[in-house]
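Fold and contact review
Now for the letters of each chain:
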Amino acid sequence: MKNKLFPIIFLFSLNVFAGNMEFAQFLFNEGDYFRCVTELKRELYENSSVDTLKTVNLIVSSYIMMGENLKAIEEADKFYKKSSDIEYNYALALFLDKNFSKIDSLNLSESRDAVVFQELSAVFQNKFKVSDTVNLKGELKEIYQGYAKIKRKNPYLAMLISAVVPGLGRVYADRAGDGAFSSLTVLTPALIAVYYRTISKNDIAFYVSVGAFGAFYLGELYGAFNSASIYHKNKTEEYYKKIIIDYSASLFSPKFVF
Amino acid sequence: MNFSLMLLILLSINTSDNYIELPFDKGDTVEIYFNDKYDKTLIDNSLNIIPLSVLRFYQIIISPAQGEVCNFTPSCSNYMFKAIRKYGFALGFIKGIDRLQRCNLNARDYLHVHYSDYVLTKERGYKIIDNP
């Protein structure tokens, strides 16, 4: 009896999902985006009456959910002018890929949703003027206000501070740990040099320690200058990652309809 | 003094756990020996060959004694090596010293703040990627 039932159950089980699209939706909801893309592509290949734009948009959305932004861009590149959803997802994938120049080159009308990413890319390229913030809406305004709080550090000031008090320039550039360690690396050979000059009277050891002091002092000056000059870039990078997580449910989620 | 320093180095190598595997099992040093693209020959038309040779001596003889201790990849000595090849002795050396000062207990706290990328390694869990 069991042997006869098995093929019947098996045949019924094949009909649980009426079409590829339903199965694709099931996979999408389960988070299996890779296989969802396979099903959607199968649908595009097999079914001539399928809504191409909708299916391509779903493929693009799946790629974005997988974090495969380059594939999403490649997929959406041919179709983004025909559908506003694909355009939004295309701009989103470009933004997540940090391809700001490409976003700027897109010709979008102001009524389209994808304009958000052009404004965002302008913010992150520091092209935004304070007078433009009047037109910004809710989330964008919040993002801009957060960006505007990131301060710039003067690298020459950092170098000057480090020249006077070794290590303090790095503290100024928000690297207190590095500053403490590098001040040790500068002061230790300096103290050793003083010891060999005054107490031990060893000339060779004195010159070696003075050389070490000079090398670490120069390294400290360069380090303070460099860490202050890349401070804004690093903080912007950190903020970029933060907003992508904070607004992942609204601004940075792809638009799609099954 | 030189003799005592050499004795100390030889003793430290021989008492180290890694001395049998030296220098082939040493992170970046593996790259030096087995990666064809890596410049093994040290062919350099300038006087850079002197500091580069000193660095190479350190990498092959001294460094294996202390094992994998660097927080970054490429390691500090490789960083200075690459920086000298790229920017010349003066700036490369200063960049290398700066890197030595950054390679401290706090380096890992700055991941995702001042450093963005890292790579998983067997010995130290992960290392921060920082190229010259």
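Residues numbered from 1 in each chain as written. Chains lettered and ligands numbered in written order. Predicted model: local features only at pLDDT ≥ 70, side-chain atom pairs only at ≥ 80, totals over all residues. Heavy atoms only, no water.

Per an unreviewed UniProt entry, the recorded name for chain A is Tetratricopeptide repeat protein, and the organism is candidate division WOR-3 bacterium.

**Structural notes on the pairing of strand E2 (residues 118-121) of chain B**
Residues and elements named next belong to chain B. Convention followed: Any two strands are treated as partners once DSSP identifies two or more bridges connecting them. Starting at the N terminus, helices and strands are each numbered in turn, a helix being any DSSP run of H or I of at least four residues and a strand any DSSP run of E of at least two.
Examined bridge by bridge, E2 and strand E3 (residues 125-129) share four bridges and lie antiparallel to one another. Residue pairing across strands places Leu120 opposite Tyr126, the latter belonging to E3. Taken together, E2 and the strand that follows it, E3, pair antiparallel across an intervening segment of three residues.

**Quick word on the sheet that holds E2 of chain B**
Consider a sheet: its strands pair through backbone hydrogen bonds, and that pairing is either parallel or antiparallel. All names here are of chain B. On the basis of which strands lie adjacent, the open sheet formed by three strands has the order E1-E3-E2 and mixed pairing. The sheet terminates laterally at strand E1 (72-73) and E2, the two strands that pair on one side only. Where E1 meets E3, two bridges bridge the pair, whose relative direction is parallel. In the sheet register, Thr73 faces E3, and the bridge partner there is Ile129.

**As for the interface of chain B and chain A**
Rules: The contact criterion used is simple: two residues touch if any of their non-hydrogen atoms lie within 4.5 Å. Throughout, the accessible surface (probe 1.4 Å) given up by two parts as they are put together, summed over both, is called the buried area. Salt bridges are defined by distance alone: a side-chain nitrogen of Lys or Arg within 4 Å of a carboxyl oxygen of Asp or Glu. In protein, a polar contact requires one atom able to donate a hydrogen and another able to accept it; more generally it is a pair of N or O atoms within 3.5 Å, and residues adjacent in sequence count only if both atoms are side-chain atoms.
Counting from both sides, the interface comprises 18 residues of chain B and, opposite them, 24 residues of chain A. Of the roughly 1,700 Å² buried at the junction of chain B and chain A (both faces included), carbon and sulfur atoms supply 55%. Connecting chain B to chain A are one salt bridge. Where Asp98 of chain B meets Arg170 of chain A, a salt bridge forms, and the shortest distance between an N and an O atom there is 3.0 Å. Scanning the region where chain B abuts chain A turns up 13 residue pairs in polar contact (both at pLDDT 80 or more).

**A look at the UniProt feature "transmembrane region" (unreviewed entry) in chain A**
Spelled out, the test is: UniProt positions are given in the numbering used here, feature names are shortened, and annotations may be inferred rather than shown by experiment.
As annotated in UniProt, the feature "transmembrane region" (unreviewed entry) corresponds to residues 156-173, 180-198 and 204-225 of chain A in the numbering used here. As annotated, residues 156-173 of chain A has a helix share of 78% and a strand share of 0%, and its two end C-alpha atoms lie 11 Å apart.

**A closer look at the pattern of salt bridges**
Under the criterion given, the structure shown has 15 salt bridges over all chains. Across the salt bridge formed by Arg197 of chain A and Asp203 of chain A, the nearest N and O atoms sit 3.8 Å from each other. A single network of salt bridges, built from pairs that share partners, joins Arg170 and Glu220 of chain A together with Asp98, Arg99, Arg102 and Asp130 of chain B.

**Points about the packing of helix H6 (residues 84-96) of chain A against helix H8 (residues 115-124) of chain A**
Two measures define how a pair of helices packs: the angle their axes make with one another and the distance between the axes. Residues and elements named next belong to chain A. What counts is decided by this rule: Angles shown run from 0 to 180 degrees and are taken between the N-to-C directions of axes, each axis being a line fitted to C-alpha atoms and, for helices, limited to the stretch in contact. The scheme is simple: roughly parallel for angles under 35 degrees, roughly antiparallel for over 145, roughly perpendicular for 65 to 115, oblique for anything else. Note on convention: near helix rotated counterclockwise from far helix by under a right angle means a left-handed crossing. Clockwise means right-handed. Think of it as three bins: nonpolar holds Ala, Val, Leu, Ile, Met, Phe, Trp, Tyr, Cys and Pro, charged holds Asp, Glu, Lys and Arg, and polar takes everything else, Gly as well.
Running from amino to carboxyl end, H6 crosses H8 at an angle of 15°, the nearest separation of the two axes being 10 Å. By the angle between their directions, the pair H6 and H8 is classed as roughly parallel. Note that H6 runs across H8; the crossing there is left-handed. Along the contact surface, H6 presents Tyr88, Ala91, Leu92 and Phe95, while H8 presents Phe117, Leu120, Ser121 and Phe124. Of the residues assigned to the contact of H6 with H8, the class counts are seven nonpolar, one polar and no charged.

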